[in-house]
Amino acid sequence: MLKKSSVTIDHEIQVLQAQIAILQRREDDFVRILEDMARLRDSVKAEQVALASQITELESQKNPINWLPSELLIQIFVSVTEDDLDISAGLAYNPSPVIISHTCRKWRKLAFATSILWSHVSFRSRKWSASPVCAFINRSGSSLIDLTFSPPLYDVDDHDAAEDERLASECLLHTLSFHLSRVRSITFECTSSASMGLIVELLIDSLHELESLCSLDLSFTSLAPCFSGTPLLELDELDKQSLADTPSVLTYLRLQQLPPRVISPSLLRSVQTLELSFPQRRSQRAPQYILRMSHVHRFLSFIPELQDLVLMETTPLRDVVFEEPSEGQTTDNRFVVVDPLKLHKLKSLTWKFANPRDVYTFMSFFGMPALERWEILIANSLTKRNDVSMLRGNHGHESDSFIQAERLGGVLSMTALKELCVSCQDGDSLVSSLRQFFFPVLEQLEFAYAGKCPSNCDHKHPLPRLDYVFRDPRLPHLTHFTLSHLDVFAGHGKLMLGYMPGLVSLTLISCTGVDGVLDALAEAYGRTMDVERKEMRGYGVRVCPKLERIALWSCSDFKFQSLFAVVLARAQSVGTSVLMKAPKDVPSVVSAVMGRKILPLKKSRVASPQGGPSSPAKPHTMQNSHGVSSTLIPIEEALRPVQIACVHVNDCPQITKVDASLLEEFGIVVVYR
C-alpha cells in the first residue's frame, strides 16, 4: 500500500470536514423544522384547550349557580361556612371550606382567595392534629379568627380521655398563641377542669394581646365537673384592679358551670350580653362549685354596660341579706350584707327553669329601671329540695334562719317592662312566681304551658284568673296578648279581657275554652232600636274595643258562629240614625243603647297635674297609687269599636274555606291555612 503524503491527507480531511459541515447544516435544518413543528403542535394544543375551556364555560352556564358573580358566591360560601360550624361529620375541623375548595377550579380559586372563609378555626377531637389547624390559620391571612374547641363528651372517670383532651387543648392554645391579636371569639367546651384551667390561664396571662376579643364562651359539658387538682375554685380575678390601659371590646360572655370570678374585670367592663348556666348538680362528687347569690351580686357589679342577661337553670344559693340583724337576732358568717344592685342599662332578662319560690327573692336584690323585656320559664314547684337546693328561696321552713326573720314582703314595680313572656308547667307556679310584681306599663303579654304532653293527650292545663296571677291585674297599656296550650275556664275569658281595654292583637295557640273568649269579645254593650229594620239589636262591645287582629292556631273546640259573631259585632257600631238624634247629647245616646236613663256626671273640680284645666285633647284618666290608668272603657269607644282588620286561622279543622270567605265579605284580611 502506497503511503499517502501529508498533502493528500490534509486534502481528504478537508473533504470530510466539508461533508460533516453539510450534514451539520442539514441537522440544524431538521432541528429547526422540528422546533417549528413542536411550536405548531403546542399552538394547536393551546387552541384546543382554549376551545375546550369555552365549551366548559358554556356548559357551566346551563347551571344557574354559575350565573352569580364571584362577589355573591363568596358571600354564599361564608354563610354556608358559618351555618355548618356545628356539623363536622366526625372530623376534627370544619369541613365546609375544604368541600367548597374541592368542588371545581373556579370555586377553589375563590376559596383560597377568600381569607375570611378559613377564619373559623375549630377542633373537635381529643387526638391532636396540627395540620388542619395550621392550614386554616395560614389561609385565614389577616382576618379575625373565631376559635372553637369542642371535643366529644366522655365519662369524667376516664383519665386517659381527660389526658388526651388536656394535651389537645394545650397544643391548640400554643399554636394560637402567635395569633392572639387576631382572635375575635373563643368557644371553649371541655369535660376536664385541667383543660379549662389552660384557657383561663391564657386569658389572664395574655390579656393585653386579646385586643380583638368580642365573644367568649367557656363551658363544661359534664353536668358534674370536678375541680380537684386545679386552682379554679380558689382563683379570684375580681379582687384584682381593672387595668384602664387594657383595651376591652368583649361584648358577649357565656359561662357554664365555671366560677365567674375567674374572669378579669378588665374584660367585664364592656360586656353587654351575659349568659350564666349552672344546672342543678346530680352528683355528690367533690370538690364542686356552688353558685351563690354573693358571687352573682359581686360579679354583676363589674359589668356596668350589661344590657341582656340570660340565666339557664341558674338559681344561686342565697347567702346574702339586705341589712344587719337587729337585737335579739343572730347570724353567722354564711350571710353577706349587701345593698340592692342597680343594673341601669339592663333591657332584657331571660330566665329558664326558675323555681317559683326563687323568682321574687332573686329579683329583689337587683334594681332594673330600664328592663323592657322579661322572658321566664318557671319550673315545677319542688316539694323537697335535696342538698344545697334546700337553702334557696325564702327559707320559711327554717325556724332559726336569720333570712326568715328578714322582711321580704312587698311588691317589685317593673316600671319600664313592656314585654312579658311566661312559660309554666302548672297554674300554681304561675301564681306563686308573679304575685309580688307590678307591671304598670306592660304592652305585650304571653302565657304558655311548657310541660311535656303527648300529642294525643286530652289533659287540660287551666289558666288561673288574672287577678290571681298579678297583684294588680289591670293592664291598660296592653296591646298584644298570647295564650298557648292553656285552658280558659268558662267566665274567666270575660274577666281576663276586661282588664285589657287597649288590646289590639289576640293570639290563641292550641287552647281550649276558646268559645268563652270569643263570646266575651262578641258581647254587646247594649241594645237599641234599628230604625231601618225596625227591630232591637245589639250595639257596641263590652271588652277590648280596639281589637284589630285575631289569630287562632290549632284550636278545635270553638264554633265558627262564635268567631263570626265577634267580627259582626265589631263591624257594626251605633248607626248614624241613632247618633244623629242628639249629636251633642251623649247621655241620651247611651240611654237609647242601655235602655235606661243615664244622668251626666258633675264636672270635676280637681285641678289637672299642671295646675290648670284639663286639655280636651287629653282627657283626665283616674290612676291608682301605683300610677296605673283605669281600665274603664270610654263610652264612645264601647259604642264605636274598631273593626277587625285581620283574622289568622291555622289548623282549625272546623273552619272551612267557605267560612273564611264569609269573613272576607266584611273587608277583613283572612289568612287561612
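What counts, and where the lines are drawn
- Residues numbered from 1 in each chain as written.
- Predicted model: local features only at pLDDT ≥ 70, side-chain atom pairs only at ≥ 80, totals over all residues.
- Heavy atoms only, no water.
- Helix = DSSP H or I, 4+ residues; strand = E, 2+ residues; numbered from the N terminus.
- Buried < 20%, exposed > 50% of the residue type's maximum accessible area, 1.4 Å probe, protein only.
- Contact = heavy atoms within 4.5 Å.
- Areas by Shrake-Rupley, 256 points an atom, 1.4 Å probe, with all protein chains shown as cover.
- Salt bridge = Lys/Arg side-chain N within 4 Å of Asp/Glu carboxyl O.
- Axes fitted to C-alpha atoms, helices over the stretch in contact; angles between N-to-C directions.
- Parallel < 35°, antiparallel > 145°, perpendicular 65-115°, else oblique.
- Left-handed = near helix turned anticlockwise from the far one by under 90°.
- Nonpolar A, V, L, I, M, F, W, Y, C, P; charged D, E, K, R; others polar.
- Core = buried A, V, L, I, M, F, W, Y, C linked by side-chain atoms within 4.5 Å.
- pLDDT = per-residue confidence, 0-100.
- Expected span 1.5 Å × (residues − 1).
- Arc of directions from axis to C-beta.
- Phe/Tyr/Trp six-rings, centres within 6.5 Å; stacked < 30°, edge-to-face > 60°.
- Lys NZ or Arg CZ within 6 Å of the ring centre and 35° of its normal.
- Pairing = 2+ DSSP bridges.
- Lys, Arg positive; Asp, Glu negative; His and termini not counted.
- Patch = residues over 30% accessible without salt bridge, like charges linked within 9 Å, V, L, I, M, F, W, Y side chains within 5 Å.
- Right-handed = clockwise from strand over helix to strand, strands pointing away.

Under an unreviewed UniProt entry, the name given to the protein is F-box domain-containing protein, and the source organism is Suillus discolor.

Scanning the protein from terminus to terminus reveals 20 helices and 24 strands. Scored against the burial criterion, the 673 residues of the protein give a buried share of 43%. In the protein, of all internal contacts separated by at least 6 residues, the share reaching a separation of at least 24 is 76%. Just so you have it, the protein exposes about 36000 Å², and 55% of that area is on carbon and sulfur atoms.

So, about the pattern of salt bridges. Taken as a whole, this structure holds 23 salt bridges when the rule is applied. With a shortest N-O distance of 2.8 Å, E163 and R166 are connected by a salt bridge. One end of the pair, E163, and the other, R166, are both in helix α6 (residues 159-176), three residues apart, so they sit about a helical turn from each other. Classification of E163 as partly exposed rests on a relative accessible area of 35%. Across the pair E548 and R549 runs a salt bridge whose closest N-O atoms are separated by 3.9 Å.

Here we come to the packing of helix α5 (residues 130-139) against α6. Packing of α5 against α6 leaves a shortest axis separation of 11 Å and a crossing angle of 20 degrees. By the criterion of interaxial angle, the relationship of α5 to α6 is roughly parallel. In this structure, α5 meets α6 at a crossing whose hand is right-handed. Judged by residue contacts, V133, C134 and I137 of α5 engage L172, T175 and L176 from α6. A per-class count over the contact of α5 with α6 returns five nonpolar, one polar and no charged.

So, about the nonpolar core. Membership of the largest hydrophobic core comes to 140 residues, with the highest contact counts inside it found for W374 and F447. If one sorts the elements of this core by residue count, helix α15 (residues 514-522) sits on top with six residues. Once residues lying within four places of it in the same chain are set aside, the contact partners of W374 are L349, V359, M363, M414, L417, E419, L420, C421, L434, F437 and F439.

Here we take up the confidence of the model for the protein. For the protein, the mean per-residue pLDDT works out to 82, and 80% of the residues sit at or above 70. Every residue in residues 574-598 is under pLDDT 50, and counting partners more than four places away or in other chains gives 32 contacts. Confidence drops under pLDDT 50 across residues 604-622; counting only partners more than four residues distant or on other chains, this segment forms eight contacts.

With a phi close to 55 degrees, H485 is a non-glycine residue in the positive phi region. Mapped onto the elements of the fold, H485 is located in the loop between β18 (480-484) and α14 (492-497). Even without a glycine there, the phi angle at S554 is positive, about 55 degrees. With respect to the helices and strands, S554 occurs in the loop between β22 (549-553) and α16 (560-571).

Residue pairs three or four apart in sequence face the same way in an α-helix, which turns once every 3.6 residues. The end-to-end C-alpha distance of helix α2 (residues 70-83) is 20 Å, a good match for the 20 Å that 14 residues give at a rise of 1.5 Å each. All of the buried residues in α2 are L73, F77, V78 and T81. Summarising the axial view, the buried residues of α2 lie within an arc of 140 degrees, below the 170-degree limit, and thus occupy one face. Of the exposed residues in α2, the ones pointing more than 90 degrees away from its buried face are E71, Q75 and D83. Buried residues along α2 sit in contact with α3 (96-101), α4 (105-113) and β1 (120-123).

Here we take up the packing of aromatic side chains. Enumeration over the complete set of coordinates arrives at 18 aromatic pairs. Aromatic side chains Y360 and F437 sit 6.1 Å apart centroid to centroid with 75 degrees between the ring planes, which places their arrangement in the edge-to-face category. A residue pair is termed long-range when its members are at least 10 positions apart, and Y360 in helix α10 (residues 356-363) and F437 in strand β16 (residues 437-438) qualify at 77 residues. Comparing Y360 with F437, the two get one shared label, buried. With a centroid separation of 5.5 Å and 65 degrees between ring planes, the pair formed by F564 and F666 is classed as edge-to-face. Taken together, the residues F564 in helix α16 and F666 in the loop between α20 (657-664) and β24 (669-672) connect sequence positions 102 residues apart. Look at F666 and you get partly exposed, because its relative accessible area is 23%. One aromatic cluster is present, formed by Y360, W374, F437, F439, F447, F470 and F481 through successive ring pairs. A cation over a ring is seen here: R139 above W118, with NZ or CZ 4.7 Å from the ring centre. Residue placement shows R542 over the ring face of Y525; its charged tip is 5.5 Å from the ring centre.

So, about the environment of F481. Checked against the element boundaries, F481 lands in strand β18. Along the backbone, F481 and L445 are 36 residues apart, and their C-alpha atoms lie at a distance of 5.0 Å. Ignoring any residue separated from it by four or fewer positions in sequence, one finds F481 in contact with L445, F447, M496, M500, L503, S505, L506 and T507.

The buried fraction of strand β6 (residues 273-277) is high, at four of five residues. Pairing geometry for strand β5 (residues 252-256) and β6, over five bridges, is parallel. Residue pairing for β6: R254 is matched across the bridge by E275. When β6 meets strand β7 (residues 308-312), the two strands line up parallel, connected through five bridges. For S277, the partnering residue across the bridge sits in β7 and is M312.

So, on to the side chain of D659. Within the secondary structure, D659 sits in helix α20. Buried and without a salt bridge, D659 has K657 as its closest oppositely charged side chain, separated by 13 Å.

Before going further, it helps to examine helix α9 (residues 293-300). Of all eight residues in α9, six are buried; the element is thus mostly enclosed. Among the residues making up α9, those that are buried are M293, S294, V296, H297, F299 and L300.

A contiguous nonpolar surface patch, about 420 Å² in accessible area, is contributed by F30, I33, M37 and L40. Within the secondary structure, F30 is located in helix α1 (residues 6-60).

Below, the discussion takes up the environment of K345. For K345, the position within the fold is in the loop between β10 (341-342) and β11 (348-354). The class of K345 is partly exposed, set by a relative accessible area of 37%. Separated by 42 residues in sequence, K345 and I303 have C-alpha atoms that sit 9.9 Å apart. Look past the residues within four positions of K345 in its chain and what remains in contact with it is P304, E305, L306 and Q307.

In this section: the pairing of strand β19 (residues 505-509). Taking burial as the measure, the five residues of β19 include four buried ones, the bulk of the element. Each parallel crossover has a hand, and the one from β18 via α14 to β19 is right-handed. Sheet topology places β19 next to β22; five bridges connect them, and they run parallel. Pairing of L508 across the sheet is with L552, part of β22.

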